[in-house]
Amino acid sequence: MSESKSLQGAAVWRGAEMANNDRWVKTFPAQVLAQIDAAIALTRDIDWRDINRQNFPLPDAGAFFDDVREELENGSGMVKIRGLDVSRYNAEELRRMWYALGAHLGTPMFQNYRGEVMREIKDEGMGVGAKLYGATVDSSGKQFLSSGARTLSPGQLRFHTDRCDVVGLLCVRQASEGGVSKLASSATVYNEMLKRRPDLHALLCQPIPRSRFGEEAGGEHVAYDLPIFGVRDGKLTSHFSLTYIENAQMLPGVRKLSDAEHEAIQMLMALAEEECFQMRFAPGDIQLLNNHIVYHGRTAFVDDVKTGQDRMLMRLWLSMPNSRALPEDHAVLWGDVGAGKPHGGIAQPAAALPANLSAAAT
């Protein structure tokens, strides 16, 4: 393997500087907001799952969305869009609008083996997440939740990436306490580890066992190998979720990580914490993150249903038309690794991708 080099460009940023940088914060133009309202009225008899760019027209949004896509792929890797007044829309109108915005930006992808392409992220209550996404027990007999199950609880979420080019979150309601989003540049983490501990950095460029726990109904293999760091044409992709690595270590026949590999993973998480910044959603905010170059986490939250402060976000997973090419050995997770090709999502059991998904970002 060739010697690793430091990454360059706008994707390399430190949280302290980005917290005060508005380059990634954008506001919907007034004419686009008016066209959103018009399209919501136009599609009142159309189910949100049948929404696409053609039947939800936004004729003046092209330049705005181009700018968003450029910042996500070739800039900081994250965008916050402001300007929506979500209190003006009912639940079904919000679904149509949010799915339409996703279809204008990219191609919505399946988020689980049940075929969901939009997911409400909220506290589902004790046991619901485990039932939907899976749970097992660790060696001590303690319950071990899948990544998806953890998302549907009020607990903290460790730094991770989702299995798509871009994850989009629309804030409908915010919690009374907590629920703060934590963002870190994985390119900065990559560079810092290379500078401080090149020996540990090299280990994360080699295959690490992962499980498909809580993802596919079956999958070609229960466990697979994938590096945490991969670079192609000077562009990083870093897919990381400790839950899947931890679960793989519980499975029979899976290679056990060395002490040095454990140390490397712990260093990655410590660096992400060191280099991150925090942001709190306001209702109507949209957060878009390029999973190849941004790690995200969340602090625990407390809801207050009586005051309407019960946190609820609407999530889309998007494959982007301007996405980077990925290393060839990443096909085990991402499928087609070509630039601009459909990346990620969760494989469906014996089901073809619906026409409205495959055509959404052509």
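What comes next is a walk through the structure. (Residues numbered from 1 in each chain as written. Predicted model: local features only at pLDDT ≥ 70, side-chain atom pairs only at ≥ 80, totals over all residues. Heavy atoms only, no water.)

1. Focus: the overall build of the chain
Reasoning step 1: When you go through the chain residue by residue, the secondary structure sums to 12 helices and 19 strands.
Reasoning step 2: Taken over 362 residues, the chain has a buried fraction of 54%.
Reasoning step 3: Sequence-distant contacts in the chain: of pairs separated by 6 or more residues, those separated by 24 or more amount to 78%. (Helix = DSSP H or I, 4+ residues; strand = E, 2+ residues; numbered from the N terminus. Buried < 20%, exposed > 50% of the residue type's maximum accessible area, 1.4 Å probe, protein only. Contact = heavy atoms within 4.5 Å.)

2. Here we look at the environment of P29
Reasoning step 1: Residue position: P29 is located in the loop between β1 (25-27) and α2 (30-42).
Reasoning step 2: With 35 residues separating them in the primary sequence, P29 and F64 have C-alpha atoms 8.0 Å apart.

3. Overview of the sheet that holds strand β10 (residues 181-185)
Reasoning step 1: Sheet architecture is open: four strands sit in the order β7-β17-β10-β15, paired in antiparallel fashion. Edge positions in the sheet fall to β7 (157-160) and β15 (277-279), since each of these pairs with one other strand and no more. The sheet shows a mean angle of 20° between the axes of neighbouring strands, taken without regard to direction.
Reasoning step 2: The pairing of β7 with strand β17 (residues 294-298) spans two bridges and is classified as antiparallel. Across the sheet, the residue bridging to H160 is H296, located in β17.
Reasoning step 3: Its contacts with the sheet place helix α7 (residues 186-196) against β10 and β17, and it is angled at close to 50° to β10. (Pairing = 2+ DSSP bridges. Axes fitted to C-alpha atoms, helices over the stretch in contact; angles between N-to-C directions.)

4. Structural notes on unusual backbone geometry
Reasoning step 1: Non-glycine residue D233 carries a positive phi angle of around 55°.
Reasoning step 2: Mapped onto the elements, D233 comes out in the loop between β13 (230-232) and β14 (235-237).

5. Brief notes about the nonpolar core
Reasoning step 1: Among the nonpolar cores identified, the biggest contains 48 residues, and I228, F229, F240, I265, L268 and Y295 are the most heavily contacted of them.
Reasoning step 2: Setting aside residues no more than four positions away along its own chain, I228 makes contact with L204, Q206, I208, R210, T237, S238, H239, F240, I245, I265, L268 and Y295.
Reasoning step 3: The next biggest cluster of nonpolar side chains, apart from the first, holds 39 residues, and it includes F28, L58, V166 and I286. (Core = buried A, V, L, I, M, F, W, Y, C linked by side-chain atoms within 4.5 Å.)

6. Brief notes about helix α10 (residues 259-275)
Reasoning step 1: Its 17 residues give α10 an end-to-end C-alpha distance of 24 Å, which sits within 8% of 24 Å, the value for a rise of 1.5 Å per residue.
Reasoning step 2: Buried within α10 we find E261, A264, I265, M267, L268, M269, L271, A272 and E275. (Expected span 1.5 Å × (residues − 1).)

7. A short note on the packing of aromatic side chains
Reasoning step 1: Tallied over the entire structure, the rule returns seven aromatic pairs.
Reasoning step 2: With 5.3 Å between their ring centres and 75° between their planes, W48 and Y99 make a pair best called edge-to-face. Taken together, the residues W48 in the loop between α2 and α3 (62-74) and Y99 in helix α4 (residues 91-105) connect sequence positions 51 residues apart. In terms of burial, W48 and Y99 fall into one category: buried. (Phe/Tyr/Trp six-rings, centres within 6.5 Å; stacked < 30°, edge-to-face > 60°.)

8. Let's talk about the pattern of salt bridges
Once their charged atoms are close, side chains differing in charge can pair, the charge on each being opposite to the other.
Reasoning step 1: With the rule as written, the count across this model stands at 22 salt bridges.
Reasoning step 2: Of the charged contacts, one joins D37 and R88 as a salt bridge, the two residues approaching to 3.1 Å between their closest N and O atoms. Here D37 is found in helix α2, whereas its partner R88 is found in the loop between β2 (78-82) and α4, with 51 residues between them in sequence.
Reasoning step 3: Residue classification places D37 among the partly exposed residues on the basis of a relative accessible area of 26%.
Reasoning step 4: The network of salt bridges with shared partners includes R14, E192, K195, R196, E274 and E275. (Salt bridge = Lys/Arg side-chain N within 4 Å of Asp/Glu carboxyl O.)

9. Things to note about the environment of Q111
Reasoning step 1: Inspection of the secondary structure puts Q111 in the loop between β3 (107-108) and β4 (119-121).
Reasoning step 2: In the structure, Q111 is positioned 206 residues away from W317 in sequence and 6.7 Å away in space, judged by C-alpha atoms.
Reasoning step 3: Among the polar contacts listed, one links the side chain of Q111 to the backbone oxygen of V117, at a separation of 3.1 Å. (Polar contact = N/O pair within 3.5 Å; in protein donor to acceptor, adjacent residues only side chain to side chain.)

So, to be careful, I would describe these as geometric facts and stop short of saying anything about function.
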